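Structure at a glance
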Amino acid sequence: MTTQLRGTDVVIVGMGAAGGVAALPLAEAGLSVVGLEAGTWLDQRDFAPDEIRNNYRDWPMLVKKAEQERPTSRATSATRANQIGGHPMMNAVGGTTLHYWAQSWRLNPWDFQVVTETTARYGASRIPYGSTVEDWPFGYDELEPYYDRVEREVGISGQAGNVRGRINSRGNRFEGPRERDFPMPPLRWTAFHDRMAEAARSLGWSPFPGPAAINSEAYQNRPGCGYHGFCNKGGCPINAKNATHITTIPRAVDTGNLTVITRAHVTTLEVGSDGRVTGVNYVVGSNEYFQPAQVVLVASYTYENVRMLLLSKSRAYPDGLSNNHGQVGRHYFSHHQGAGVGAFFPYDLNSWYGLPAQGVAVDDWADDNFDHADLGFIGGGNLWIMSDRRPISAANMGTYGQSRNWGSAWKRFIHENSDRTHGSYIQKTTLPYEDNYLDLDPTVTDPLGLPVIRITGQFKDNERAIAGFMQDKMEDWYREAGAIEINRGGLGNTMGASTHAYGGTRMGDDPETNVVDRWGFSHEAPNLGVLGASVMGTSGARNPTLTSQALAWRTAAHLVESWRDIAE
Amino acid sequence: MTDSNGRRPAISRRDLLRTAGAAGAAALVPGAVAAATEVTPATASPEVAGQGPVGSALPAETAPFVARALTNLTAREAEILSAMVDRLIPSDEMGPGALDAGVLRYIDRALSEAESDAADAYRAGLAALDTYSRYTRGGPFIDLSTVDQDSVLIDVQIGAATGAGVGFVGGSGSFFNMVKSHTWQGMFGDPEYGGNVNFAGWDLLDYPGVRLGVSPQDQRDLEAGQLEPVRRSAYDYGMFE
């Protein structure tokens, strides 16, 4: 028996990074908003600095919806898909911003116009074979005011490198022009960061501190970072990490216009005979509800956004909601973050107290910041050196051939060297391709009997070429800083599931190749909006969250301005 | 936080460990039977009391201490696993080893909690380890010399102990990696979970300890080798109880 609830102006499915941000401008504008969240509220008391709990077990998640809907994954349509071992995301109010690394980058202007820029500089033949990449429907300048707004509303620390065209060499000289500085200075550096920055400069590169959704000083009545060392997949016990459950969501609740319903597991969206969305179906335990709404914004993770649309079949949309052009699930890609480089140093790095968002970035080899005329790829990577070490992970370090990895000899080795390794993080331009996509798995289902998402995805020559190129640069950097041993990961093959999952509901002007329009609303169902990285058509060489949040704010602001056109 | 209701016992595991502590760990070392029978067993955790194969499931001659100390592993399994983790991280001139640090208790408890899916793999793997020792070294694993034990473990680690009739499910290497992974968690993880007794693991690494705040001066002191290590569980900071 389904309980029919009272209608509301807007339903947001998912109170995470994107939905949790979009709720604020909507609620502030006086719209009645219902936020449906599969997880529960958690707070700082749940965030013990406990490596076993954070990094080896299931964290304090009380609801494991994502875990029960783990996608299946395969490299190509010719191979068999297997269910992945664990879901990369979590369910809670605030979503994965509770425990993410909180690196909060703006995309580079080039990322918005990969086709136009590549064609102009190198010729159209340099777009990789089989790629379905398009220019975004707008450029960096269009998104800049929303980046600026979100950086203040959420709270981002960092060092500007380009304020209105004025270059500051302490920041990223390659970034797009920003209207003003960050609201907070960057997180501090340690002696090892200083050493790596010096090494980068001696190579002729431009090192700078990265941006983070972490307080470097008191902000919005919450303290600055304590650098306790458990930030990687850990919540913040002092509320210095600016997850949406302590930033935009409570402020939206305070307006009186946002109601957050927890443990609400959304299954499908309902559609009327006119093709407009009428509301969403959800379950809480064994109770079923229908929440009518004028406008529905889906803001769960990429896999769940796509899945909900594909599961919502109706007479108007027989192949899934907003899928009459067959574009839902297309242009999917997992960010290439692998192919790491590790280094072994003859000195202690003193990295025990730090966090993944504290570090040194180099963008000299990212995007189109260097000449690709004689290279076999387009795009590039962001080199990132961070502090991130905990006891169990330190004891699991590679031994670089100096010892077996157990026994008495190993005890001597680890006592000497537990603080002497480092692993780099290199995010690389990743493009969509014709044969990489999401669909519903034909056999694997969740406990409700609904199919899970199937990922079909493989990194192609362009991504692999970038990966090899970036490994060379990273090795040069480590050697310059005194590393005595280097190891490299493989260049990457199957994409698999990722915390950086893009596409599936791509944004663009052409309804033949895109699911949502330039504002984030469906080309087919006009009162359906989509939030999150599933609308992004390119990845850039940096984390997607801030861009997702800026887009979410922009979609919400557009909804407020165009309420009559969209909702009525 | 309302969500924590029912999730954390009124008497924390840590409180119980504090009394049972190192003595409980010593009880798990084969050969420490006499000493161990004198002390409080480490089983009283409210989550595990009354569960698992206690007493009757065990061979009578080895039951007395293990039955009260462990919940999931039989006495025989505990003996083999003890011998194995004692080779992975031995007690030696560098300091305490895995047994001293309560790794066996960590693993046994994990098999009731987050790692309950692994219980069958332990059961099969420990039996296979013993079988492989008998087939190739002429005796049960616990009776081999440490040199032979190490050579058996190398075979197991590299997957060479995977043979017909031995009984490793999915290859001996995956069993080795599972035990190693849990051993490292028990040795180097928070003592809340029953391992890392007396912070033996953190001392081995020179880990400066769990702090909620690290000032710029603390970081400079660390870099100068002058930061005093903190030896507290995360749960010794009252806010996470």
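Residues numbered from 1 in each chain as written. Chains lettered and ligands numbered in written order. Predicted model: local features only at pLDDT ≥ 70, side-chain atom pairs only at ≥ 80, totals over all residues. Heavy atoms only, no water.

1. Concerning the overall build of chain B
- Helix and strand counts for chain B stand at 10 helices and 0 strands.
- In chain B, the succession of α and β elements from N to C terminus is α-α-α-α-α-α-α-α-α-α.
- Burial analysis of chain B (241 residues in total) assigns 53% to the buried set.
- Once local pairs closer than 6 in sequence are excluded, the contacts in chain B between residues at least 24 apart make up 61%.
- When the accessible surface of chain B is summed, it comes to about 9,800 Å², and 54% of that surface belongs to carbon and sulfur atoms. (Helix = DSSP H or I, 4+ residues; strand = E, 2+ residues; numbered from the N terminus. Buried < 20%, exposed > 50% of the residue type's maximum accessible area, 1.4 Å probe, protein only. Contact = heavy atoms within 4.5 Å. Areas by Shrake-Rupley, 256 points an atom, 1.4 Å probe, with all protein chains shown as cover.)

2. Regarding the overall build of chain A
- Regarding its fold elements, chain A presents 14 helices and 23 strands.
- Relative to the compact-globule value of 24 Å for 568 residues, chain A shows a C-alpha radius of gyration of 23 Å, a close match.
- A principal-axis box enclosing the C-alpha atoms of chain A has dimensions of 70 × 55 × 50 Å.
- By residue count, 66% of the 568 residues in chain A fall in the buried class.
- Sequence-distant contacts, at least 24 apart, represent 75% of the contacts inside chain A between residues at least 6 apart.
- Carbon together with sulfur atoms contributes 45% to the accessible area of chain A, which is approximately 18,600 Å² in total.
- In chain A, which carries 51 positive and 62 negative side-chain charges, the distance between the mean positions of the two groups comes to 6 Å. (Rg over C-alpha atoms; globule rule 2.2 N^0.38 Å. Lys, Arg positive; Asp, Glu negative; His and termini not counted. Charge placed at Lys NZ, Arg CZ, Asp CG, Glu CD.)

3. Concerning the interface of chain B and chain A
- In this assembly, 56 residues from chain B lie in contact with 44 residues from chain A.
- Around 4,500 Å² of area is buried between chain B and chain A when both sides are counted, 58% of it from carbon and sulfur atoms.
- The interface formed by chain B and chain A holds 4 salt bridges in total.
- With a shortest N-O distance of 3.3 Å, R57 of chain A and E113 of chain B are connected by a salt bridge.
- Across the chain B-chain A interface, the total number found is 24 residue pairs in polar contact (both at pLDDT 80 or more).
- If you list the elements that add at least two residues to the side of chain B that touches chain A, you get helix 4 (75-88), helix 5 (103-110), helix 7 (146-157), helix 8 (172-188), helix 9 (200-205) and helix 10 (216-223) of chain B.
- Here the element with the most residues in the side of chain B that touches chain A is helix 8 of chain B; it accounts for 5 residues.
- By residue class, the composition of the side of chain B that touches chain A is 30 nonpolar, 10 polar and 16 charged. (Buried area = accessible area lost by both parts, 1.4 Å probe. Salt bridge = Lys/Arg side-chain N within 4 Å of Asp/Glu carboxyl O. Polar contact = N/O pair within 3.5 Å; in protein donor to acceptor, adjacent residues only side chain to side chain. Nonpolar A, V, L, I, M, F, W, Y, C, P; charged D, E, K, R; others polar.)

4. Notes on unusual backbone geometry
All names here are of chain A.
- The phi dihedral of A339 falls on the positive side, at around 55 degrees, and the residue is not glycine.
- Within the secondary structure, A339 sits in the loop between strand 13 (333-334) and strand 14 (341-344).
- By relative accessible area, A339 is classed as buried at 8%.
- Notably, Y400 is not glycine yet its phi reads approximately 50 degrees, a positive angle.
- By the secondary structure assignment, Y400 is in the loop between helix 10 (391-395) and helix 11 (408-417).
- Taking relative accessible area as the criterion, Y400 reaches 19% and is therefore assigned buried.

5. Regarding the sheet that holds strand 15 (residues 359-362) of chain A
Residues and elements named next belong to chain A.
- Spatially, 4 strands are ordered 8-15-16-18 in an open sheet, and the strand pairing comes out antiparallel. Lying at the two open borders of the sheet, with one neighbouring strand each, are strand 8 (207-209) and strand 18 (425-428). Each neighbouring strand pair of the sheet contributes to a mean axis angle of 30 degrees, computed without reference to strand direction.
- Summarising the sheet, strand 16 (residues 381-386) and strand 18 pair through 4 bridges and their orientation is antiparallel. Its bridge partner lying in strand 18, G381 is registered against K428. (Pairing = 2+ DSSP bridges. Axes fitted to C-alpha atoms, helices over the stretch in contact; angles between N-to-C directions.)

6. Structural notes on the domain arrangement of chain A
Residue and element names in this part refer to chain A.
- Here chain A is partitioned into domain 1 (1-102 + 242-334 + 432-456 + 500-568) and domain 2 (169-177 + 188-212 + 336-429 + 459-493).
- In this structure, domain 1 and domain 2 have C-alpha centres spaced 33 Å apart.
- The interface is formed by 16 residues belonging to domain 1 together with 26 residues belonging to domain 2.
- Both sides together, the interface formed by domain 1 and domain 2 hides about 1,600 Å², and carbon and sulfur atoms give 48% of it.
- By the criterion of area lost to domain 2, the three top residues of domain 1 are E51, W101 and A541, representing 37% of everything that side buries.
- Remark: the boundary between domain 1 and domain 2 carries 4 salt bridges.
- Across the pair D367 and R542 runs a salt bridge, and its minimum N-O distance is 3.0 Å.
- Here domain 1 is connected to domain 2 by 10 residue pairs in polar contact (both at pLDDT 80 or more).
- Sorting elements by how many residues they give to the side of domain 1 that touches domain 2 places helix 2 (residues 51-56) first, with 4 residues.
- In the side of domain 1 that touches domain 2, the residues fall into 6 nonpolar, 7 polar and 3 charged. (Domains from an automatic or database assignment.)

7. Some details on the packing of helix 7 of chain B against helix 8 of chain B
Residue and element names in this part refer to chain B.
- The interhelical angle for the contact between helix 7 and helix 8, taken along N-to-C directions, is 110 degrees, at an axis separation of 7 Å. Looking at the two axes, helix 7 sits roughly perpendicular to helix 8. Contacts between helix 7 and helix 8 involve L153, D155, V156 and Q157 from the former and S172, G173, F175 and F176 from the latter.
- A per-class count over the contact of helix 7 with helix 8 returns 4 nonpolar, 3 polar and 1 charged. (Parallel < 35°, antiparallel > 145°, perpendicular 65-115°, else oblique.)

8. Considering the sheet that holds strand 20 (residues 451-456) of chain A
All names here are of chain A.
- Read from one edge of the open sheet, 4 strands run 5-4-20-19, paired in mixed fashion. Each edge of the open sheet is held by one strand with a lone partner, namely strand 5 (82-83) and strand 19 (437-445).
- Here strand 4 (residues 72-74) pairs with strand 5 via 2 bridges, running antiparallel. Note on strand 5: the bridge partner recorded for T72 is Q83.

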